[in-house]
Amino acid sequence: MKNENYIIEVENLTYFYPDKTPAIKNVSFNVRKGESIGLIGPNGAGKSTLFLLLMGFLKPQSGTIRIFNQELNKKSKKEIRKRIGMVFQDPNDQLFSPSLWEDVAFGPFNLGYNKEEIAKRVNKALNITDLERYTDKAPHHLSFGEKKRAALATILSMDPEILLLDEPFSNLDPDSYIHLREIILKYKKANLTLIIATHDVDVLPDLVDSCILMNNGQIIRKGELHDILTNHTLLKTHKMRMPVLGQLFFNLKIHNIINTEMFPVTLTEAEKFIESLLKSKDNTRKMSNC
Ligand SMILES: Nc1ncnc2c1ncn2[C@@H]1O[C@H](COP(=O)(O)OP(=O)(O)OP(=O)(O)O)[C@@H](O)[C@H]1O
Ligand SMILES: [Mg+2]
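Just so we're clear, the structure is a prediction, and the values are computed from it rather than from any experiment. (Residues numbered from 1 in each chain as written. Chains lettered and ligands numbered in written order. Predicted model: local features only at pLDDT ≥ 70, side-chain atom pairs only at ≥ 80, totals over all residues. Heavy atoms only, no water.)

A. Expanded view of the pattern of salt bridges. Evaluation of the coordinates by the stated rule reveals 12 salt bridges. In this structure, Glu-117 and Lys-120 form a salt bridge, with 3.8 Å as the shortest nitrogen-oxygen distance. Taken as a pair, Glu-117 and Lys-120 lie in helix α4 (residues 115–128) at a separation of three residues, close to a single helical turn. The exposure class assigned to Glu-117 is partly exposed, which follows from its relative accessible area of 22%. (Salt bridge = Lys/Arg side-chain N within 4 Å of Asp/Glu carboxyl O. Helix = DSSP H or I, 4+ residues; strand = E, 2+ residues; numbered from the N terminus. Buried < 20%, exposed > 50% of the residue type's maximum accessible area, 1.4 Å probe, protein only.)

So this is what it looks like as C-alpha cells:
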C-alpha cells in the first residue's frame, strides 16, 4: 500500500543466501523522510544484508521494499539508486578505479552530469572528506581509514537523499572520527534520511534519533534512541550493551551510589545529570547544617 509519509517501506522481507543461510527473516519497518536511524545488532545480525537488499544488490525471496513510493524491482532499481547511496562496510568493495578522482566521478558521470558539474561535485566531495591531496592517487594505495573516507566521497558526490552507512567509523583515527561525525551531523541537519549500521553503540548518540535493534535476521525493536540504548536487559539479551556513558550511570545505580531511572548517553545529558546530582547533594548538606 502506498504511503506518502514514508520514504522507505519494508514489508515481510525474507532473504536466504545461496548457501541457504537465513539472513533476513520476515522483516518489516518504515522510515520517514529526514529520519536518522541507528541500525544496531551483534555480528551476523543481518545489518549489511538488509542494506544490500535496500539497494537492490540482493533480491529477496519474499516481501516488498518501497523506496520513494516506488516498489524496488528490476525495472525501478536504476532510478531509485540515483537517489539512495550506500557506503559499504568494506571500502575495498566500493573503490575500483585507477585514481581517486575517477572513483568519486563515477557516480555523477553515470547520473549524466556534464564535465563541469562532475568536477564541481568531485571537488566538493573530496573537500568534505578531506581527501583533496589524494586526488590522483590509486585508491588501493590509501590507508584503510582513508579508504573509508574515500568510499563516503564516492557516494556524497551523487548527493543522495537517503544515505546508508555500514560501520562508517571502524578503523578511523580520532581526528577522522570527529571529522566524520561532523559530516554526518551536517547532513542530518540538512534533513537527509540517514541509517547507520553498527554494533558500536557509542558512536550513535547525537547522530541518530531512533534505533532499530536486529538479531538473528529479525527486527527485535524499533524505538527512540534513548528507549533502546538505555534498556540494559533488552540489549544484553541480544548480545549488545549500553553506550559507555549510560553503562557508568547504570553501574552507579546497581552499586546503590545514585538512585535514578535515567541513564544519560550523551556528554551534554551526563553533564546536566551530574550538575543536578551535585546541586541536590549541596542542598541536602545545607539543609542538614540548618
Ligand atoms: N555471502 C554470504 N553467503 C552466505 N552467508 C552470508 C553471506 N554474507 C553474510 N552471510 C550470513 O548472513 C548473516 C548476516 O550477515 P550480515 O553480514 O548481514 O551481518 P551484520 O549484521 O552486517 O554483521 P557484522 O556486524 O559482522 O557486519 C550471517 O549469518 C552471515 O554469516
Ligand atoms: Mg555488517
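B. Structural detail: the site of ligand 1. Neighbouring residues of ligand 1: 14 residues in total, closest Asn-43, Gly-44, Lys-47, Ser-48 and Thr-49. Here an oxygen atom of ligand 1 sits 2.9 Å away from a polar atom, N or O, in the side chain of Ser-48. Residue Gln-89 places a side-chain N or O atom 2.9 Å away from an oxygen atom belonging to ligand 1. Burial of ligand 1 by the protein amounts to 65% of the accessible area it has alone, namely 630 Å². Top element by residues in the shell around ligand 1 is helix α1 (residues 47–54). It accounts for three residues. Class assignment of the residues belonging to the shell around ligand 1 gives a composition of four nonpolar, eight polar and two charged. (Near = heavy atom within 4 Å. Polar contact = N/O pair within 3.5 Å; in protein donor to acceptor, adjacent residues only side chain to side chain. Areas by Shrake-Rupley, 256 points an atom, 1.4 Å probe, with all protein chains shown as cover. Nonpolar A, V, L, I, M, F, W, Y, C, P; charged D, E, K, R; others polar.)

C. Focus on the domain arrangement of the chain. One can read the domain layout of the chain as domain 1 (6–239) and domain 2 (243–290). Each of domain 1 and domain 2 has a C-alpha centre, and these two points are 36 Å apart. At the interface, nine residues of domain 1 touch nine residues of domain 2. Interface area, domain 1 with domain 2, both sides summed: about 760 Å², of which 68% is carbon and sulfur. Applying the counting criterion to the domain 1 and domain 2 interface returns zero salt bridges. Viewed at the interface, domain 2 and domain 1 are joined by two residue pairs in polar contact (both at pLDDT 80 or more). For the side of domain 1 that touches domain 2, the leading source of residues is helix α7 (residues 225–229), giving three residues. When its residues are assigned to classes, the side of domain 1 that touches domain 2 shows four nonpolar, three polar and two charged. (Domains from an automatic or database assignment. Contact = heavy atoms within 4.5 Å. Buried area = accessible area lost by both parts, 1.4 Å probe.)

D. Geometry of the sheet that holds strand β1 (residues 6–16). One open sheet holds the four strands; their spatial order is β2-β1-β4-β5, and the pairing between them is antiparallel. On the outer flanks of this sheet lie β2 (22–32) and β5 (70–71), each paired with one strand and no other. Where β1 lies against strand β4 (residues 62–67), five bridges are found, and the strand directions are antiparallel. Its bridge partner lying in β4, Thr-14 is registered against Ser-62. Strands β1, β2 and β4 of the sheet are contacted by α1, whose axis makes an angle of about 65 degrees with β2. (Pairing = 2+ DSSP bridges. Axes fitted to C-alpha atoms, helices over the stretch in contact; angles between N-to-C directions.)

E. The coordination of the magnesium ion (ligand 2), seen in detail. In this structure, Ser-48 (OG) and Gln-89 (OE1) serve as the protein donors to the magnesium ion (ligand 2), at separations of 2.1 to 2.2 Å. Of this pair, Ser-48 sits in helix α1 while Gln-89 sits in the loop between β6 (84–87) and α3 (100–110), and the two are 41 residues apart along the sequence. Judged by relative accessible area, Ser-48 falls into the partly exposed class, the value being 23%. For Gln-89, a relative accessible area of 37% translates into the label partly exposed. (Donors = N, O, S within 2.8 Å, 3.2 Å for Na, K, Ca; no water.)

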